[in-house]
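Structural features, examined
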Amino acid sequence: MMAATLKDAAARKPVLATIRLIVPAGAARPAPPVGPALGFYRLNLMAFCKDFNARTQKYKADTPMQVTLTAYKDSTFEFVVKSPSVSWFLKKAAGIETASSRPGHSNVSSLTLRHVYEIAKLKQADPFCKHMSLEALCKSIIGTANSMGIEIVKDL
């Protein structure tokens, strides 16, 4: 048993760095912010750009996608694309540019529970949210909305 785990550890590639980026969907180019971040670790910029753009073409252009890229010492990499942040979804659904400067005192907009449910369904596809129930995701989204000064109502 012990030999198998040591063998697995030896087979795994040594990680050089973990890079987190926010890149617009379908618009990864070797220019900043992607170029300097990946170029520093001698990673293939064009391979990342092509792969990322292919994976995110189903999203609307300029949707900010969160990317967690793991760079290995042999100049290879893997990356995970996550959906946009909850605050971005809430701003789009409410049709506002910025959140309230005084959340809890002044509400900038209001959304229905249906909006919250739809955002939760989109977020559930994320690799890190798969284990969470829809109810838990909805509660989290409502908490985010309250901290942004967006009121959640049953019906508009």
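Let me sum up the structure you'll find in this document. These numbers were taken from a predicted model, which means no experiment stands behind them. (Residues numbered from 1 in each chain as written. Predicted model: local features only at pLDDT ≥ 70, side-chain atom pairs only at ≥ 80, totals over all residues. Heavy atoms only, no water.)

1. Observations regarding the nonpolar core
In plain terms, the rule: Nine residue types can take part in a nonpolar core, namely buried Ala, Val, Leu, Ile, Met, Phe, Trp, Tyr and Cys, and a core is a set of them joined through side-chain atoms within 4.5 Å. Here the term buried applies to any residue with accessible area under 20% of the maximum for its type, exposed to any over 50%, and partly exposed to those in between, with areas from a 1.4 Å probe on protein chains only. Each helix is a run of DSSP H or I of at least 4 residues and each strand a run of E of at least 2, with the numbering of both proceeding from the N terminus. Contacts were defined at the residue level, with two residues in contact if any of their heavy atoms lie within 4.5 Å.
Counting residues in hydrophobic clusters, the biggest one holds 18 residues, and the most contacted among them are Phe48, Phe52 and Leu69. Listed by contribution, the elements that provide at least two residues to this core are β1 (15–24), α2 (34–39), α3 (45–55), β2 (64–72) and β3 (77–82). Those residues in contact with Leu69, other than ones at most four positions away along the chain, are Ala17, Thr18, Ile19, Leu38, Leu43, Phe48, Phe77, Glu78 and Phe79. Counting 16 residues, the second largest nonpolar core, distinct from the first, contains Val86, Ala120, Cys138 and Met148.

2. A closer look at the packing of helix α5 (residues 113–123) against helix α6 (residues 134–147)
Just so we agree on the cut-off: Only the stretch in contact is used when fitting a helix axis, every axis being a line fitted to C-alpha atoms; angles between N-to-C directions are given from 0 to 180 degrees. For a crossing to be left-handed, the near helix must be turned anticlockwise from the far one by less than a right angle; the clockwise case is right-handed. Lys, Arg, Asp and Glu make up the charged group, whereas Ala, Val, Leu, Ile, Met, Phe, Trp, Tyr, Cys and Pro make up the nonpolar group; the residues left over, Gly among them, are polar.
Following both chains from N to C, one finds α5 and α6 inclined at 115°, their axes separated by 9 Å at the closest point. Relative to α6, the crossing made by α5 is right-handed. Of α6, the residues touching α5 (which contributes Leu113, Val116, Tyr117, Ile119, Ala120, Lys121 and Lys123) are Leu134, Leu137, Cys138, Ile141 and Ile142. For the contact of α5 with α6, the class distribution of residues is 10 nonpolar, no polar and two charged.

3. Side note on the packing of aromatic side chains
Cut-off, in case you're wondering: Stacked, tilted and edge-to-face are the three classes applied to pairs of Phe, Tyr and Trp rings, where Trp contributes its six-membered ring and a pair requires centres within 6.5 Å; stacked means planes under 30 degrees apart, edge-to-face means over 60, and tilted covers the rest.
Within this structure, the stated rule accounts for five aromatic pairs. Both rings, one in Phe48 and one in Phe77, keep their centres 6.3 Å apart while their planes meet at 65°; by these two values the pair is edge-to-face. Of this pair, Phe48 sits in helix α3 while Phe77 is found in strand β3, placing the two residues 29 residues apart along the sequence. Accessibility expressed as a relative area gives 0% for Phe48, which makes it buried. In this structure an aromatic cluster arises from ring pairing among Phe48, Phe52, Phe77 and Phe79.

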